[in-house]
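Each chain, letter by letter, is given below.
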Amino acid sequence: MKLFEKWAWGCLSAFLFFSCGGKQEVEHTGAAEQKIVVDLSKAGKSYDLKNELDPSGVVIVPLETHRECLIGRIERIFVRQDRIFIYDSQSKSVYFFDMEGRCTGKLHAYGVGPEEYASMTDAFVDEENIYVADSYRKQVQVYDLSGEYVKTIKTPDWSFYGIFTTESRIYYVNMGATHPVAGNYLLFSTDKDGGNFQKYLPFDPSIQSSLLFHLPYAYVSDGRTGFLNDNVKDVLYTVDDSGISPRYQLDFCGKKLPAEYFDQPASYILKNGLKNKYILFPEYISHAEDYLFFCVQLGVKSYTVIYDVREQTTVAAEKISAFPFENISLKFSQGDRIVHVRDAYSLLASRSFLLEQFSKYPEVLEASVVQRYEEVLSTVKEEDNPVLFLFRLKGKE
């Protein structure tokens, strides 16, 4: 229910924005290049990533905790230039850490001043700047990687709740909101100065369920490409400087919510138990190395799907394990790394079990990794910020 409330808030608090300059609808016709088949009847209970991970590339990062660095709810993690940036929606901040976990600063410019943001619907960090979606004031605030104000990009005439960048463009992800100027579109973009406005993916305003406008998106850490899921058409698009193109058709083997329910409000779908029978949407999409990861929920069970881009094969399981953990999330994966977050309390509670698990990999894990983990356990406290575990993917030759 918390997830639904979040999206409902995104829809209600969203906004009427748009740009100056010429408005252009970008064509994106054509079929998806490949199909990703997700057959949950063949999903396993667990899938071990041991064959995909480089055991010498495990990095453990306990995030420093002090009065000015208290993380509430992690929405996004960005690893940039050997630094870690964490977008915390609870404190409306972006925290900066080095690879040892030391907090080197933060962006917290919450307010109504010209260099501040009055809301923080989303945040994105690329190689040069931090972008904050200030939906309340219909604008994007841009800061450098030290948190210094750079500029404001006004977005008065279109609606968006998510934001990401490619090499030279900013993409704004909508959530079913309409506007007489921008029209009914799910995605907009401008150049990085707010000009050259373009719009993509028109949607049918007769669709009533806000659940269908949940549009998870992912970025590729090379800073040039992103992915966006159209939940109505089950198409995964690639996004770059030239625009968008349909890349993958998602086939859920009859388990996706049928189109006959698209004109029903979210309350009908939830009240009639359709959430227990069908997949409503992917909960997240992430990309790392040669893999796409996404998570879907069917009833009370969540499934993680791993798609091998090169081999064009799919694996689905209820749990994903990676030494020494039996159940990890792939939500924050990026570049050549899987980034796993564990809160300090649960880490300490499972101390004995995890040390036992570590001992099962003496021929695999370097002694320094085990030693580092023991050091973290001896210093971290229950109330501390989370600990990050960065696993390196092997990649393919």
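Look up a bit, the structure's there.
Thresholds, definitions, all that
- Residues numbered from 1 in each chain as written.
- Predicted model: local features only at pLDDT ≥ 70, side-chain atom pairs only at ≥ 80, totals over all residues.
- Heavy atoms only, no water.
- Pairing = 2+ DSSP bridges.
- Helix = DSSP H or I, 4+ residues; strand = E, 2+ residues; numbered from the N terminus.
- Axes fitted to C-alpha atoms, helices over the stretch in contact; angles between N-to-C directions.
- Buried < 20%, exposed > 50% of the residue type's maximum accessible area, 1.4 Å probe, protein only.
- Arc of directions from axis to C-beta.
- Contact = heavy atoms within 4.5 Å.
- Phe/Tyr/Trp six-rings, centres within 6.5 Å; stacked < 30°, edge-to-face > 60°.
- Lys NZ or Arg CZ within 6 Å of the ring centre and 35° of its normal.

**Student:** How do you make sense of the sheet that holds strand β5 (residues 74-80) when you look at a structure like this?
**Tutor:** Strand pairing in a sheet takes place through backbone hydrogen bonds and is either antiparallel or parallel in direction. Spatially, β5-β6-β7-β8 is the arrangement adopted by the 4 strands of the open sheet, whose pairing is antiparallel. Strands at the two margins of the open sheet, each flanked by one partner only, are β5 and β8 (103-107). Neighbour to neighbour, the strand axes of the sheet diverge by 20° on average, direction disregarded. In this structure, strand β6 (residues 83-88) lies alongside strand β7 (residues 93-98), joined through 6 bridges in antiparallel fashion. Bridging across to β7, F85 finds its partner in F96.

**Student:** What exactly am I supposed to notice about the sheet that holds strand β3 (residues 44-48) here?
**Tutor:** The strand order across the open sheet formed by 5 strands is β3-β24-β23-β22-β21, and the pairing between neighbours is mixed. Only two strands of the sheet have a single neighbouring strand rather than two, namely β3 and β21 (282-288). Pairs of neighbouring strands in the sheet enclose a mean axial angle of 40°, with direction left out of account. Relative to strand β24 (residues 313-321), strand β23 (residues 301-308) runs antiparallel, the two being bridged by 5 bridges. Bridged to D308 within β24 is T313.

**Student:** Would you mind going over helix α5 (residues 351-358) with me for this structure?
**Tutor:** Within an α-helix, residues lying three or four positions from one another point in the same direction, as the helix has 3.6 residues per turn. If you check which residues of α5 are buried, you get L354, L355, Q357 and F358. One side of α5 carries all its buried residues, which in axial view fall inside an arc of 155°.

**Student:** For this particular structure, what's the right way to read the environment of L70?
**Tutor:** Looking at where L70 falls in the secondary structure, it is placed in the loop between β4 (53-62) and β5. Separated by 315 residues in the primary sequence, L70 and N385 place their C-alpha atoms 6.6 Å from one another. Among all residues touching L70, those that are not within four sequence positions of it are T65, D88, Y95 and N385.

**Student:** Mind showing me how you'd approach the pairing of strand β16 (residues 198-202) here?
**Tutor:** Each regular strand shows side chains that alternate between the opposite faces of the sheet. Of all 5 residues in β16, 4 are buried; the element is thus mostly enclosed. With 4 bridges joining them, strand β15 (residues 185-191) and β16 adopt antiparallel strand pairing. Of the residues in β16, the one forming a bridge with Y185 is P202. What sits between the antiparallel neighbours β15 and β16 is a turn of 6 residues, in which G194 has the positive phi angle 95°.

**Student:** I'm lost on the packing of aromatic side chains in this one. Help?
**Tutor:** Each aromatic ring pair is specified by the distance between its two centres and by the angle formed by the two planes. The full count for this structure, using the stated rule, is 13 aromatic pairs. Note on F78 and F124: the rings are 5.2 Å apart at their centroids and 75° apart in plane angle, and the pair reads as edge-to-face. With a gap of 46 residues between them, F78 in strand β5 and F124 in strand β9 (residues 122-125) connect regions that are remote in the sequence. With a centroid separation of 6.4 Å and an interplanar angle of 50°, the aromatic rings of Y110 and Y117 are classed as tilted. An aromatic cluster is defined as three or more aromatic residues linked by ring pairs; in this entry it consists of Y110, Y117, Y143 and Y149. The side chain of K92 reaches across the aromatic face of Y110, ending 5.3 Å from its centre.

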